[in-house]
Amino acid sequence: MNKLMGTAPRHPGLWMDMPTADINLAQPITTLQTQTHGKIELSQYASQLAQLSQQGRWIVLINPANISYKQMLASAGVRMDRVLLVHTKDEIETLWAMEKALTSGTSSAVISWTQPLDARDSRRLELVAKSARALGIVIEDANADLSHDLSTKTMLSNQNNTVSTINFTSFH
């Protein structure tokens, strides 16, 4: 008969003693919608980022908008030698970079500029938040969603126009 002796957890990976500093470090990830490319939102967090930059860990900015963030952060007292810029090629890389920066333990704060997230990506960030070891902020550009919808409608209307002008008599 197998009987669990004592209060040890059943999984061997959990038998190790966890440093007390690492317990309950999970941080919620804040999602902010913006019309100003995140300028107002970043200025609201600037003083907190200045304090976090003094910890010696990174302040990670992923795909920052062109909003003069360098001057804003420097004037708030953020140590610019602790700011790490990450530029990604698409939304998948953006979420991956954010996830890694939040859970690595080398960052104090991670701020990501992105298009509005769908339900799946929002759920992914909720799961990441359970093991996040840094302040996480997602700045969703509300204007990007509108421009994406307009470009999709334009593309569809252009496709409809193209289809209606095809001369089928040329196909023999």
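Conventions and cut-offs
Residues numbered from 1 in each chain as written. Predicted model: local features only at pLDDT ≥ 70, side-chain atom pairs only at ≥ 80, totals over all residues. Heavy atoms only, no water. Core = buried A, V, L, I, M, F, W, Y, C linked by side-chain atoms within 4.5 Å. Buried < 20%, exposed > 50% of the residue type's maximum accessible area, 1.4 Å probe, protein only. Helix = DSSP H or I, 4+ residues; strand = E, 2+ residues; numbered from the N terminus. Contact = heavy atoms within 4.5 Å. Salt bridge = Lys/Arg side-chain N within 4 Å of Asp/Glu carboxyl O. Polar contact = N/O pair within 3.5 Å; in protein donor to acceptor, adjacent residues only side chain to side chain. Expected span 1.5 Å × (residues − 1). Arc of directions from axis to C-beta.

Asks: Just checking my understanding: could you explain the nonpolar core for this structure?
Replies: Considering soluble globular proteins, one finds that nonpolar side chains tend to be buried as a cluster. With 21 residues, the main nonpolar core has Leu-42, Leu-49, Leu-61, Ile-111 and Trp-113 as its most contacted residues. Counting only elements with at least two residues in this core, the list comes to helix H1 (39-53), strand S2 (58-62), helix H2 (69-76), strand S4 (107-114) and strand S5 (135-141). The element best represented in this core is H1, accounting for five residues. Leaving out residues up to four positions away in the same chain, Leu-49 has contacts with Leu-42, Ile-59, Leu-73, Val-78, Ala-109 and Ile-111. Residues Ala-97, Ala-101, Leu-117 and Val-138 belong to the second largest nonpolar core, which totals 16 residues.

Asks: Can you help me understand the pattern of salt bridges in this one?
Replies: Pairing is possible between side chains that carry opposite charge, provided their charged atoms lie close to one another. One pass over the structure, following the stated rule, counts five salt bridges. A salt bridge links Asp-81 to Arg-79, with the nearest nitrogen and oxygen atoms 3.0 Å apart.

Asks: Would you mind showing me how to read the side chain of Thr-34 here?
Replies: Mapped onto the secondary structure, Thr-34 falls in strand S1 (residues 29-34). Among the polar contacts made by the side chain of Thr-34, one reaches the main-chain amide nitrogen of Gly-38 at a distance of 3.1 Å. Side-chain polar atoms of Thr-34 contact the side chain of Glu-41, separated by 3.0 Å. Excluding anything up to four places from it in sequence, Thr-34 contacts Glu-41, Ile-139, Glu-140, Asp-141, Ala-142 and Asn-143.

Asks: What exactly am I supposed to notice about unusual backbone geometry here?
Replies: A negative phi angle is the norm for most residues apart from glycine, just as the trans form is the norm for most peptide bonds. Of note, His-37 is a non-glycine position whose phi angle comes to about 60 degrees, a positive value. Within the secondary structure, His-37 is located in the loop between S1 and H1. Classification of His-37 as partly exposed rests on a relative accessible area of 39%. Positive phi outside glycine occurs at Ser-68, with the angle close to 60 degrees. Examined against the element boundaries, Ser-68 turns out to sit in the loop between S2 and H2.

Asks: How do you make sense of the environment of Gln-33 when you look at a structure like this?
Replies: With respect to the helices and strands, the residue Gln-33 is situated in strand S1. Side-chain polar atoms of Gln-33 contact the side chain of Glu-140, separated by 2.6 Å.

Asks: Would you mind going over the environment of Thr-106 with me for this structure?
Replies: By the element assignment, Thr-106 lies in the loop between helix H3 (91-103) and S4. The class of Thr-106 is partly exposed, set by a relative accessible area of 43%. Separated by 27 residues in the primary sequence, Thr-106 and Arg-133 place their C-alpha atoms 8.5 Å from one another. Those residues within four positions of Thr-106 in sequence are excluded, and the remaining contacts are Arg-57 and Trp-58. A distance of 2.8 Å separates the side chain of Thr-106 from the side chain of Ser-104, its partner in a polar contact.

Asks: Got a minute to help me understand H3 in this structure?
Replies: Helical periodicity: at 3.6 residues per turn, an α-helix aligns residues three or four positions apart in one direction. Taking 1.5 Å per residue, 13 residues should reach 18 Å; H3 reaches 18 Å between its end C-alpha atoms and fits that length. Those residues of H3 not exposed but buried are Thr-94, Leu-95, Ala-97, Met-98, Ala-101 and Leu-102. Down the axis of H3, the sector holding all buried residues measures 160 degrees, keeping them to one side. Relative to its buried face, H3 has exposed residues pointing more than 90 degrees away, namely Ile-92 and Trp-96.

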